[in-house]
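Structure assessment
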Amino acid sequence: MGALRARPVPCNPLAFASIIGNMPAKHQRHLDNTVTSTAPRRIVSSRHLAEGEGWEMSEFEYGLIIVHNAFNRWMQRCMTAAGGADLGPLEILVLHHVNHRDREKRLSDICFLLNIEDMHTVNYALRKLLKADLLVSEKRGKEVFYSASETGRKLCDRYREIREQCLLEPLLQGGSDGEQLRAVASFLRTLSGQYDQASRAAASL
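Residues numbered from 1 in each chain as written. Predicted model: local features only at pLDDT ≥ 70, side-chain atom pairs only at ≥ 80, totals over all residues. Heavy atoms only, no water.

1. Section: the overall build of the protein chain
Test applied: Strands are runs of DSSP state E lasting at least two residues, helices are runs of H or I lasting at least four, and both sets are numbered from the N terminus onward. Using a 1.4 Å probe on the protein chains alone, a residue whose accessible area is under 20% of its type maximum counts as buried, one over 50% counts as exposed, and one in between counts as partly exposed. Whether two residues touch is decided by their heavy atoms; if any such pair falls within 4.5 Å, the residues are in contact. Note on areas: these come from Shrake-Rupley sampling with a 1.4 Å probe, and a residue is covered only by the protein chains present in the view.
Looking only at helices and strands, one finds eight helices and two strands in the protein chain. Ordering the α and β elements of the protein chain from the N terminus gives α-α-α-α-α-α-β-β-α-α. Looking at the protein chain as a whole, 20% of its 205 residues qualify as buried. Considering only contacts within the protein chain whose residues lie at least 6 apart along the sequence, 48% involve residues at least 24 apart. Total accessible area computed for the protein chain in this model is approximately 15700 Å², and 55% of it derives from carbon and sulfur atoms.

Pasting the structure below:
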């Protein structure tokens, strides 16, 4: 015997309305939300911040939150694979920046470039990197200048190799557009200025 096939039923608007009218109220609400709702789904972590105009910013901020945490996790895993198992995200960022262009850096230089206001956290990271022999320091007058040690430079080189293998190669093979990434980076730098201005405004309240 062949499989039974459902026979199409002519749509009768009045009959359909009667069926809906006899449904329990909770089922009617569910049907209304399923059939008539055309609003985009809001993927946010704090719905109370996504009400009214500009709710899209809350969705963008949720994206920032998860990419921030994913980036921190990636840095630590990559550095662990490179041989720097005891370094946290901030220490990794500081090490890479001190090694940047092979130029000496001051505490204020590092904080300025990384846009970090709390200098004490960076100073703690520097002390930890010095203790691990990944940085060297030299005091000139009242200023202390930091540079990467030979061990620190080799660790950064190993980190770069693992980054290319585990992150960049799959990204490029997946068709990632370098110009698109540059456009996103430019937008994020611009947006950081908006957040800084908003911070100053909030501090004045």
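2. Some remarks on the pairing of strand β1 (residues 135-140)
Rule in force here: In this analysis, strands are considered paired if DSSP registers two or more bridges between them.
Taken together, the six bridges between β1 and strand β2 (residues 143-148) define a ladder with antiparallel strand orientation. Bridge assignment links Leu135 to a residue of β2, and that residue is Ala148. Hairpin connection from β1 to β2: two residues lie between these consecutive antiparallel strands, with Gly141 at a positive phi of about 65°.

3. A closer look at the packing of helix α5 (residues 107-114) against helix α6 (residues 119-131)
The cut-off we apply is this: Between the N-to-C directions of two axes lies an angle of 0 to 180 degrees, each axis being a line fitted to C-alpha atoms and, for a helix, fitted only over the stretch in contact. Working rule for angles: under 35 degrees goes down as roughly parallel, over 145 as roughly antiparallel, 65 to 115 as roughly perpendicular, anything else as oblique. Definitions for this section: a left-handed crossing has its near helix turned counterclockwise from the far helix by less than a right angle. A right-handed crossing has that turn clockwise. Amino acids are sorted into nonpolar (Ala, Val, Leu, Ile, Met, Phe, Trp, Tyr, Cys and Pro), charged (Asp, Glu, Lys and Arg) and polar (every other residue, Gly among them).
It is at 10 Å that the axes of α5 and α6 come closest, and there the two elements cross at 120°. With respect to α6, the axis of α5 lies oblique. Crossing of α5 over α6 shows right-handed handedness. Contacts from Leu107, Ser108, Ile110 and Cys111 of α5 reach α6 at Met119, Val122, Asn123 and Leu126. For the contact of α5 with α6, the class distribution of residues is six nonpolar, two polar and no charged.

4. Remarks on the environment of Leu107
On the secondary structure map, Leu107 appears in helix α5. Separated by 38 residues in the primary sequence, Leu107 and Phe145 place their C-alpha atoms 7.7 Å from one another. Other than its neighbours up to four places away in sequence, Leu107 contacts Met119, Val122, Asn123, Leu126, Val144 and Tyr146.

5. Points about the packing of helix α4 (residues 89-99) against α6
α6 packs onto α4 with a crossing angle of 75° between their chain directions and a minimal axis gap of 9 Å. Taken together, the axes of α4 and α6 lie roughly perpendicular to each other. Of the residues in α6, those in contact with Leu90, Glu91, Val94, Leu95 and Val98 of α4 are Thr121, Val122, Tyr124, Ala125, Leu126, Lys128 and Leu129. Partitioning the contact of α4 with α6 into residue classes produces nine nonpolar, one polar and two charged.

6. What to know about the packing of aromatic side chains
For clarity, the threshold we go by: Classification of ring pairs rests on two measures: the distance between centres of Phe, Tyr or Trp rings, Trp counted by its six-membered ring, which must be within 6.5 Å, and the angle between planes, read as stacked under 30 degrees, edge-to-face over 60 and tilted in between.
Under the criterion given, the structure shown has one aromatic pair. Measuring from centroid to centroid gives 5.8 Å for Phe60 and Phe187, while their planes differ by 80°, and the two rings are edge-to-face. With a gap of 127 residues between them, Phe60 in helix α3 (residues 56-82) and Phe187 in helix α8 (residues 178-203) connect regions that are remote in the sequence. Given the relative accessible area of 46%, Phe187 is considered partly exposed.

7. So, α6
What counts is decided by this rule: Multiplying one less than the number of residues by 1.5 Å gives the expected span of a helix. In this description, one arc is meant: the one made by directions from the helix axis to the C-beta atoms. Contacts described as polar in this section are N or O atom pairs within 3.5 Å, which, within protein, must combine one atom able to donate a hydrogen with one able to accept it, while residues neighboring in sequence count only if both atoms come from side chains.
Taking 1.5 Å of rise per residue, the 13 residues of α6 would be expected to cover 18 Å, and the 18 Å separating its terminal C-alpha atoms lies within 8% of that figure. Listing the buried residues of α6 in full gives Val122, Ala125, Leu126 and Leu129. Relative to the axis of α6, the buried residues are bounded by an arc of 100° and lie together on one face. When the buried face of α6 is taken as reference, the exposed residues oriented beyond 90 degrees from it are His120 and Lys131. The inward-facing, buried residues of α6 contact α4, α5, β1 and β2. Capping the start of α6, Asp118 holds a side-chain oxygen 3.2 Å from the backbone nitrogen of His120, two or three residues further along.

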